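Below are the chains, spelled out letter by letter.
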Amino acid sequence: FPGRAIHVGEREGWSWHELERIDAARGGATRAERDGFRLFAAFVGHWDNKAQNQRLTCLPGGERPDGSCTTPFALIHDFGATFGPRRANLDGWTSQPVWDDSASCAVSMRDMPYGGGTFADRRISEEGRVFLADLLGRLRPDQVRGLFVGARFGESTDGGAVDAWVRAFQDRVRQIVDHGPCPES
């Protein structure tokens, strides 16, 4: 990923509770973008979300002479233990719904290993749901299949050929896209 990793002292990465400190008025992500990001983490089951598995990067062109950054960008860079509670486990992934409480648009990972790690229970805004639904809805089935083939899911995962993973992915997309409006919080 292009850019320079941002470290605070000896600390690498960021924790999910820190997303609250992002200020859209200062050019940071909007609530819709942050909620869409959280919903995506729940979608893939990113339970091993310790700070080291996320990275804060200064995008190219954003470095100031004093070392500060005008274009910080938060991302997940280690998906090694996602897609189910025990690393790429099709049965585990499909048995965990995207929504912890569909009516209130709540997401949670507390039933995952480490009690969900740094990911606190959260209600997703309608704007966040729509933001992610739009992005996921753009993926064609052949693109989704390519993601799983490229990651060698048919060779190295527990419980499922690529086509089964694609079906599970599309079902999880439907849980977001076809969901009614999220209530205002």
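Fair warning: this is a prediction, and the values are worked out from it, not measured in the lab.

Calculation notes
Residues numbered from 1 in each chain as written. Predicted model: local features only at pLDDT ≥ 70, side-chain atom pairs only at ≥ 80, totals over all residues. Heavy atoms only, no water. Pairing = 2+ DSSP bridges. Helix = DSSP H or I, 4+ residues; strand = E, 2+ residues; numbered from the N terminus. Contact = heavy atoms within 4.5 Å. Polar contact = N/O pair within 3.5 Å; in protein donor to acceptor, adjacent residues only side chain to side chain. 1 Å grid on protein atoms, 1.4 Å probe; cavity = no way out; pocket = protein on both sides within 12 Å on 5 of 7 lines; lining within 4 Å. Points joined across faces, edges and corners; volume = space filled by probe spheres on them. Nonpolar A, V, L, I, M, F, W, Y, C, P; charged D, E, K, R; others polar. Core = buried A, V, L, I, M, F, W, Y, C linked by side-chain atoms within 4.5 Å. Buried < 20%, exposed > 50% of the residue type's maximum accessible area, 1.4 Å probe, protein only.

A. Here's a closer look at the sheet that holds strand β1 (residues 4-5). Spatially, the three strands line up as an open sheet ordered β1-β2-β3, and their pairing is antiparallel. Both outer strands of the open sheet, β1 and β3 (72-76), are each paired with one neighbouring strand and no more.

B. Summary view of the pairing of strand β2 (residues 54-58). Here β1 pairs with β2 via two bridges, running antiparallel. From the neighbouring strand, R4 faces β2, where its bridge partner is C58. Note that β2 and β3 share five bridges and pair antiparallel. Paired with C58 across the strands is P72, a residue of β3.

C. Main features of the environment of S68. Note on placement: S68 falls in the loop between β2 and β3. In sequence terms S68 and I6 are 62 residues apart; their C-alpha atoms lie 9.1 Å from each other. S68 has contacts with R4, G62 and E63, leaving out every residue within four places of it along the chain. Of note is the side chain of S68, whose polar atom sits 2.6 Å from the side chain of D66.

D. Just the layout of surface pockets, in detail. In this structure, the largest pocket occupies an estimated 1500 Å³ of space. Taken together, 45 residues line the largest pocket, and the ones lying closest to its centre are L19, I22, L56, F73 and A74. For the lining of the largest pocket, the secondary structure elements donating two or more residues are α1 (31-44), β3, α3 (126-137) and α4 (141-150). The greatest single-element share of the lining of the largest pocket, amounting to six residues, is contributed by α1. A per-class count over the lining of the largest pocket returns 27 nonpolar, nine polar and nine charged. If you add up the space inside the second largest pocket, you get close to 160 Å³. Looking at the second largest pocket, it is lined by 14 residues, and the ones nearest its centre are Q96, P97, V98, S108 and M109. Per-class residue counts for the lining of the second largest pocket are seven nonpolar, three polar and four charged.

E. Quick look at the nonpolar core. Core analysis: the biggest nonpolar cluster contains 38 residues, and L39, F43, W99, F148, W165, F169 and I176 have the highest contact counts within it. Counting residues per element, the ones that place at least two in this core are α1, α2 (90-95), α3, α4 and α6 (162-177). Once residues within four sequence positions are removed from consideration, F169 is found in contact with F43, W93, L136, L139, V144 and F148.

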